[in-house]
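# Structural overview for review
As a plain string of letters, each chain reads:
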Amino acid sequence: MADRALDNEMVDPRTFGKENRLHEIYAELRREDPVHWTEPDEYRPFWAVTKHADILEIERQSDIFLNDPRTTLLTRQQEADVLEFTGGSHIAIRSLVQMDDPDHRVLRALTQSWFMQPNLKKMDGALASLSKEFVDKMEGLGGECDFVTDVAVWYPLRVIMNILGVPREDEPLMLKLTQELFGSSDPDMQRDEKQAMFDTNVITDFFNYFTKITEDRRANPTDDVASVIANATVHGEPINHIDAMGYYIIVATAGHDTTSSSTAGLLLALLQNPDQMAKLKADLSLLPSAIEEAIRWVTPVKHFFRTATQDYELRGKKIKKGDSLLMCYPSANRDEDVFENPFTFDIERKPNKHAAFGHGAHLCLGMHLARMEIKALFSELLPRLDHVELAGEPSWVQANFVSGLKHLPIRYQMQ
Ligand code: HEM
């Protein structure tokens, strides 16, 4: 099936601002051509993989399907910009998601235990008080707010910046940098209007900022993630500067917009499904499964690539060594073969084996933290909300890598 218009639309950031259209495209591909050779005008061609089982088959075999050299969708122009910026390298930032074994295993192990539940438990109190602070803020706003820009973007940012040791006064700068890096195709989030392309200045700013943090944590180590990274040993040597920078950037960026989108997406889904809202408010023990369903529903990470190291047959298609495969997570999470009524938001969905956190060696490092954050916020918010409704049209970020709600205007009464 060759359809250049569809191929262009599938990767166009504007399509990601219209969720229904995106899901229509994916549904068509799952039905007609689930492993689809895609040739958009502005991107190098690739296979778009839209079935849940196929994505897991790829992710399970991290020796055959590598993260490097192609990680996310960059236009040919953006790829050229990276080459120019780096003086010949195909990646501007080298972080866990650009790595394969053996480096990936070693680098990931540095912080793995920090992000596991036993260590994270120590954050329960801090998350509860931060949640209270944000719900108090909502109350102070007097019954109307934009849940995205007033709460959902700031709360996970504060959590992640706390664990990276970034002081509060620098959070607006970090917000701007992470949004520009991830949402750089959205006209509202660009540094300047002309610059709808890979923004190398953002990366320079990140590097400058985290170089200072590294120096500080080497001199004054604490128990935060920044200190773990700054003082890490890799293959018997102190972590090199580029890998340390990549680590800060992946934690800062991966840990923020994703959780914001899921948080706002949960509230919108509850507003659009009042029976589910009533059920959840009546029984908060359903919160963990409601959160899982919200993460499936939103699927904030829209894709990652893998590149084949050998010829491989996937669902009858002949993948050639060197071909790249785009794993379309939102499509996997609406796959009719895996989910009953995939287009129904069901806070009691069981089982819910969504692929929103990926799978295999690169499975999201921060998934337990993300769940804890959302749980803390809604445990505080829902009991205090007497009434809540939409106060305007929600809108979505136009970005094809990580995206979610941009605005969610709500009106509410609180106890
Ligand atoms: C990787 C999703 C929150 C840190 C990933 C991947 C996905 C993902 C899809 C790639 C997995 C793969 O390739 O198989 C999400 C979602 C989140 C979330 C949906 C929120 C609902 C977080 C948080 C952190 C985080 C809070 C905090 C540090 C990371 C890191 C990686 C990663 C470091 C790279 C792991 C690796 O390559 O080994 N995430 N994430 N994420 N995530 Fe998350």
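Everything below is about the structure shown above.
Structure report, in brief. Predicted, not measured: the structure shown is a model, and the values here were computed from it. (Residues numbered from 1 in each chain as written. Predicted model: local features only at pLDDT ≥ 70, side-chain atom pairs only at ≥ 80, totals over all residues. Heavy atoms only, no water.)

Turning our eyes to something else, we now look at the overall build of the protein chain. Assigned secondary structure in the protein chain consists of 18 helices and 14 strands. Its C-alpha atoms put the protein chain at 60 × 55 × 45 Å along the principal axes. Counting only contacts in the protein chain whose residues sit at least 6 apart along the sequence, the fraction spanning at least 24 positions is 72%. Placing the 45 positive and 65 negative side-chain charges of the protein chain at their respective mean positions leaves the two points 3 Å apart. (Helix = DSSP H or I, 4+ residues; strand = E, 2+ residues; numbered from the N terminus. Contact = heavy atoms within 4.5 Å. Lys, Arg positive; Asp, Glu negative; His and termini not counted. Charge placed at Lys NZ, Arg CZ, Asp CG, Glu CD.)

Before going further, it helps to spend a moment on the sheet that holds strand S7 (residues 303–308). Taken in spatial order, the 5 strands make up an open sheet running S1-S2-S10-S7-S3, and their pairing is mixed. Among the strands making up the open sheet, the edge pair consists of strand S1 (35–38) and strand S3 (65–66). Two elements, S1 and strand S2 (residues 46–49), share 4 bridges in a ladder whose sense is antiparallel. Looking at the pairing, Thr38 lines up with Phe46 of S2. Its contacts with the sheet put helix H3 (residues 52–60) on S1, S2, S3, S7 and strand S10 (324–328), and the angle it makes with S10 is roughly 125 degrees. (Pairing = 2+ DSSP bridges. Axes fitted to C-alpha atoms, helices over the stretch in contact; angles between N-to-C directions.)

What follows concerns the nonpolar core. Counting residues in each nonpolar core, the largest one holds 115 residues, and the members touching the most others are Phe147, Phe210, Phe378 and Ile410. If you look at the next biggest cluster of nonpolar residues, it comprises 15 residues, including Met10, Phe16, Ile25 and Tyr43. (Core = buried A, V, L, I, M, F, W, Y, C linked by side-chain atoms within 4.5 Å. Buried < 20%, exposed > 50% of the residue type's maximum accessible area, 1.4 Å probe, protein only.)

As a further point, take the pairing of S10. For S10, a buried count of 5 out of 5 residues is recorded, marking the element as mostly surrounded by other parts of the structure. What you see with S10 is no split at all: Ser324, Leu326 and Cys328 on one side and Leu325 and Met327 on the other are buried throughout. As defined by bridge partners, S2 adjoins S10 across 3 bridges and the pair is classed as parallel. Note that in S10 the partner of Val49 across the bridge is Met327. Sheet analysis places S7 next to S10, joined by 5 bridges and oriented antiparallel. Looking at the pairing, Thr307 lines up with Ser324 of S10.

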